[in-house]
Structure formats: structure tokens, C-alpha cells
Amino acid sequence: MSTPVKAPSKKAAAKNGASLHREHSKLVVDGYERAASRAMLHAVGFAREDFKKSQVGIASTWSMVTPCNMHIDQLARQAEAGTNAAGGKAVIFGTITISDGISMGTEGMKYSLVSREVIADSIETVMGCEGFDGLVAIGGCDKNMPGCLIAMARMNRPSVFVYGGTILPGCITGVLAEKRLRKDRREQFAGRNLDIVSCFEAVGAHANQQLDDRELALIEEQAIPGAGSCGGMYTANTMASAIEALGMSLPNSSAQNAVSPAKAADARAAGGAVIELIKAGIRPLDIMTKEAFENAITVVIALGGSTNAVLHLLAMAHAANVGLKLDDFTRIGRKVPVLADLKPSGRYLMSELVAIGGQTPLMKMLLEEKLLHGDCLTVTGKTMAENLRRVKPYPKGQDIVRGFDNPIKKDSHLVVLYGNLAPGGAVAKISGKEGLTFSGKAIVFENEQDALAAILDGRVKKGHVIVIRHEGPVGGPGMREMLSPTSAVMGKGLGKEVALITDGRFSGGSHGFVVGHITPEAALGGPLAVIKNGDIITIDAVKHVLTLDIPKADLEARLAKWKAPKPPYTRGVLAKYAKQVSTASQGAVTD
């Protein structure tokens, strides 16, 4: 459960400003000339005494679009109750979500990263227009988290983030296993935890004739049992963990099951916490410092988190006017090991980490090794070290989180690459299980769908480097995630035999030898645009280079002949996004 919020410590209070009570709402509701504003608020439930209270916006990403968010309306009500009980006046408002898992591998996935900006813009718009004094934002699906934090940083009004929580695993047991799984498949699937990536990888296994239609349908039906975000250390759980380490959510908010008393208590406590922040004059930018972002990176690495954390933390830091760079991930990654054995590369789900104590024991381990900045302020009003002081260690005998003497990997799995294919940088996810270097022949595709078809029908073979281009922030537009191709590779049994590089990005569920975020992207004339079938490409995670193995003069000649493609969209939100978005190495921001 989340730590109850008390008055800020003396050390933290030294950083605080004057009370921010009604700093913004008084401009909307005070005075005889604001009678019309008050009249409209009476209609939505305000009593006369509420106009003298701090107003707190409760940003809800509730939607029946996805199981990640289907329960968030209930959490919003809990947050509302917490604010009201603490002496504030809460107002719930909505913002959007999309579903990465549902749209994955389709044209619709181009809207996914765009939704991060829409969420940030919409929360900023409501907060700015309505004059709310504080904010509680509740997110579930991947882009909700950075979208909410970007808005918090822009508005810089007392804020707390609440994670919607992780889903419980699916399972195939009993009669279903007996009737619908062949005997040789029961050992692989019966009684084992399933999640959304189980489905994506089952597609590859089906294409490889290892699963029949009935077995694939059974996995599909049983993998997602209810509400909550995708169950491994995928992007949603990664970003929730990063935000907790950043100090912008209450302790263990990132490590609670979506449907649980602990999560309901977390939401309610957040509603009260924001009132304490208003009283203490603590704003998001007092918390979201460079050192706090370094804490977030450290925890993401220790957990084996998603490459999307690089993109989103850069964007969040941009909103907070913090000078975070790609090379900061390399610097921190040299000294921080991967300790958590979590999916997709590992064995365990987030719900299993929840069961042994969640994230706070890991953070205390990191603090004791002097890998975290313990003096960073948090939304409890206390420092990180104060929050962790009484946290108990993980139970003896657990093997989900390893000790520093036996890490999964001695340094970061998030590897920033440069080289003649990525002059502006690229991000690889290298667990070490697939090796640290790969060299092979390019097989080139102009979009994700064509690559997926070639993987499934057998054209992609051992030794290939799959090149998927024109999927960057501008070229897509929208920088789609390549979970379908990477899962198909794993399902076909090629995880250690091929590599995949792209100017798009990867789902947190992707694993294998994968490199994304290649900058400059193909649509802007990056070297990725001129790779030819059969070219030799080398990925070296030790030397941090991504190389097209042709003479420099040949590469320059190819680039000289390159012509910019016509934009795929000329109207609407995707066209606007393509015109405004920065590079992946800058966080793909639009302001």
C-alpha cells in the first residue's frame, strides 16, 4: 500500500515555497463579477463553501478502448474522495487513451505516439482553462504516463501521478488444457502465466506450424483476464516505475495490481497528497530535477525496462527544462546492472514482483549501493531516502530480483549506438542472451507490414538483418512499435539468428537483437534510407556502434542521389504531427 502522506520533513520543507492555496482558482471564482462562473459550477456539484477550497483536477484516462484503462473511472472516484476529505474540491475530467496492443501492426499504430502529445495538450488545456490549483492524473496504457507527466511539468502546479496498475496473468488450466491443447503443447502452455506477448509470439509459432488454429484461439481467449496494464516489464510498467523513481507518484504506486485494495488506497492517498503539496508550495519542477531523472534511468535499467523509456524520459525532461541527453543513459548504464528477471527477456511478470514487495525494496538496494540520489524531493513531501528508510528487504529465497553479486547483466541493457548508420544515435535493447554483436546481410522493407509478411512466410532467414525504414516520427508518421515483427521472429525460433533495425521503435514486449530510434530517420535522408538488400550491417553493443559496412565514398554517393519521399499524410493530426515533431534522439517532442 502507498505510504500515508504526512507533513513535509524539515529537510524537504527547506525547498518549499509559500502555500499555493487557491493560487489559480481564485481568479476564476472570486468576486461579484465571477457570478456566472460560480453558477455553472453550482450545476456540477459545488456548494458555496467549495469556492474557498483549493480546486484539484482529477485527469482520468478511463476508457473501454483497452483493459489497461477500463477500471480507471473507479480510481478517479477514489482520488476525488481523497482530495475532498483533505479539504480540497476535486473535479474529474477526461482525456484520451488509445490501445497499443490492439492497434499493433496496423496503420492505426501510427497514432500511438501522437496520443502522448494529445494527452499532454488536453490536460494542459483543461488545467489552464479551468484554473485548477493542483492535479492528480491517472494513467494505464503506455502513452498515458509520459503524456500526464509532460502536462504536469508544463503547468508546474502541485501534482501527483497514479498508475492504474498491472494486470494479473492469464492461465490455461484443467479441462481447457485437456480438451484444447495437444499433449506436446500442454507442457509449454498449461498452468503457465500468459500475457499479451504470449499472443504475439503464438502468432509466430502458428506460422511455424507449432500451434494449430484451436490452440492459438485458446491462448487468445485466456491471455487477458481483466483490467490492468500489460503484465511484464513492458512500457506501461516501465514508465510507472520510472515516474515513481522520479518522485512524482507515491511509494509503490508502480507496483500494485490494478484490481486490488492497495491500488484503490493509492488513488485515494494521492488525492490527499496533492492538497499537502499545495499547502507546502511544492511544485513538479521542484521534484523533476536532473538528479531525479537520473534516479528514473537507474531504476529502469535495474528492472530491465523498455527502450521507450529513453524516448519518454527525454520528452518529459524537455517539458521540465532539464538537459537530459542520450549520452546520459550510457553514462548511468555503465555502473547500473540489470537485477530484475522480468519479462519479456526474463521469467517473471509484474504481478509476481508485486507479491514480494514491489519496487521500493529494489530502490532501497540501489540507494544503499549509492546508485540513487537519496536527497531528491518526492510527492510525499519527503526525500527519496526518507521514503525508503523503513522499507523491508525482499523475502529470502526469492529469485525475481537478484543481488549485485549475481546480476542478470552487469551493465545496462539499454545501449545507445552511433556510427555511420546512426550519426544522431540509436537505441538497442541488448539483454545479453542474444549476444553482444551481430553481423549479417540486410533484407530491406519500406514498412512494418511487409517485414512481418516476410518473417511469417519464411523469406527472412538465419543471418539476416531485417531493416524496416520509413517508420520514424516523420516518415511513419508516428514511429510505430515493431512488436508484431519481433514477436514473429521469436515465435519462428529466430531470436538468436537474426537482428532487426528500424527508425521506428519497439514495444516494451519486444526482445531479441533489436535496434530502434535510428537518427536521422530515413524520411529525412538518414543513411538508413540508402541501405540495399545484401549490404552487410554490424551491430556492436560493446563498442556502441551501428555500421553499414560499405566504403565511405559509396555511402556518400548513395546519399547524394537520395530524394525525399512524398509525405504519406497531408491533412489531419498525423500531417500536423509530422510537421512539428523533433527527432527520436530529442524525445520526439512537438513543442
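Note that the structure is a prediction, hence the values are computed from the model and not measured.

### A look at the environment of T61
Mapped onto the secondary structure, T61 falls in the loop between β1 (55-60) and α4 (72-85). Note: C-alpha distance between T61 and C148 (87 residues apart in sequence) is 9.6 Å. Leave out the neighbours within four places in its chain, and T61 touches N69, I72, T95, I96, T97, I138, G139, G140 and N144. At a separation of 2.8 Å, a polar atom in the side chain of T61 contacts the main-chain carbonyl oxygen of I138. Within polar-contact distance, the side chain of T61 engages the side chain of N144 at 3.4 Å.

### Focus: the sheet that holds strand β2 (residues 89-94)
The four strands are arranged β2-β1-β3-β4 in an open sheet whose pairing can be described as parallel. The outermost strands of the open sheet, each flanked by one partner alone, are β2 and β4 (159-163). Adjacent strand axes in the sheet meet at a mean angle of 20° when their direction is disregarded. Here strand β3 (residues 134-139) runs beside β4; their pairing, made up of five bridges, is parallel. Within the sheet, the bridge partner assigned to G139 lies in β4 and is Y163. Along the sheet, helix α13 (residues 261-280) contacts β1, β3 and β4; its crossing angle with β4, the most-contacted strand, is approximately 170°.

### Some details on a nonpolar patch on the surface
Taken together, the side chains of I96, Y111, V118 and V573 define a hydrophobic patch exposed on the protein surface, amounting to about 280 Å² of accessible area. Relative to the helices and strands, Y111 resides in the loop between α5 (100-103) and α6 (112-130).

### Overview of empty space enclosed by the protein
Unfilled space is identified by rolling a water-sized probe across the atoms. With the rule as written, the count across this model stands at four cavities of 30 Å³ or more. Space inside the largest cavity adds up to approximately 130 Å³. Along the walls of the largest cavity sit 14 residues, with G304, V338, S345, I408 and S431 positioned nearest its centre. Across the lining of the largest cavity, the residue classes tally to five nonpolar, five polar and four charged.

Scoring rules and cut-offs
- Note on numbering: residues in each chain are counted from 1, in written sequence order.
- Local features in this predicted model are restricted to residues whose pLDDT is 70 or higher, and side-chain atom pairs enter the listing and the counts only when it is 80 or higher, whereas totals over whole chains, interfaces and linings include all residues.
- The side-chain values count all of the structure's non-hydrogen atoms but skip hydrogen atoms and water molecules.
- Comment: elements are numbered from the N terminus, with helices defined as DSSP H or I runs of at least four residues and strands as E runs of at least two.
- Contact definition: two residues touch when any of their heavy atoms are within 4.5 Å.
- By the criterion applied in these results, polar contacts are pairs of N or O atoms within 3.5 Å in which, for protein atoms, one can donate a hydrogen and the other can accept it, and in which residues neighboring in sequence qualify only through two side-chain atoms.
- Any two strands are treated as partners once DSSP identifies two or more bridges connecting them.
- Between N-to-C directions, angles cover 0 to 180 degrees, with each direction set by a line fitted to C-alpha atoms, over the stretch in contact for helices.
- Candidate patch residues must exceed 30% relative accessible area and have no salt bridge, after which like charges are joined if within 9 Å and Val, Leu, Ile, Met, Phe, Trp or Tyr side chains if within 5 Å.
- Shrake-Rupley sampling with a 1.4 Å probe provides the accessible areas, and residues are treated as covered by the protein chains on show and by no other component.
- Whenever a carboxyl oxygen of Asp or Glu lies within 4 Å of a side-chain nitrogen of Lys or Arg, that contact is scored as a salt bridge.
- The way it works is a 1 Å grid over only the protein atoms, where trapped points that fit a 1.4 Å probe form a cavity and open points with protein on both sides within 12 Å along at least five of seven lines form a pocket, and then any residue with an atom within 4 Å of a point lines it.
- Grid points are joined across faces, edges and corners, and a volume is the space filled by probe spheres set on the points.
- Under the convention adopted here, Pro, Cys and the residues Ala, Val, Leu, Ile, Met, Phe, Trp and Tyr are nonpolar, Asp, Glu, Lys and Arg are charged, and Gly plus all remaining residues are polar.

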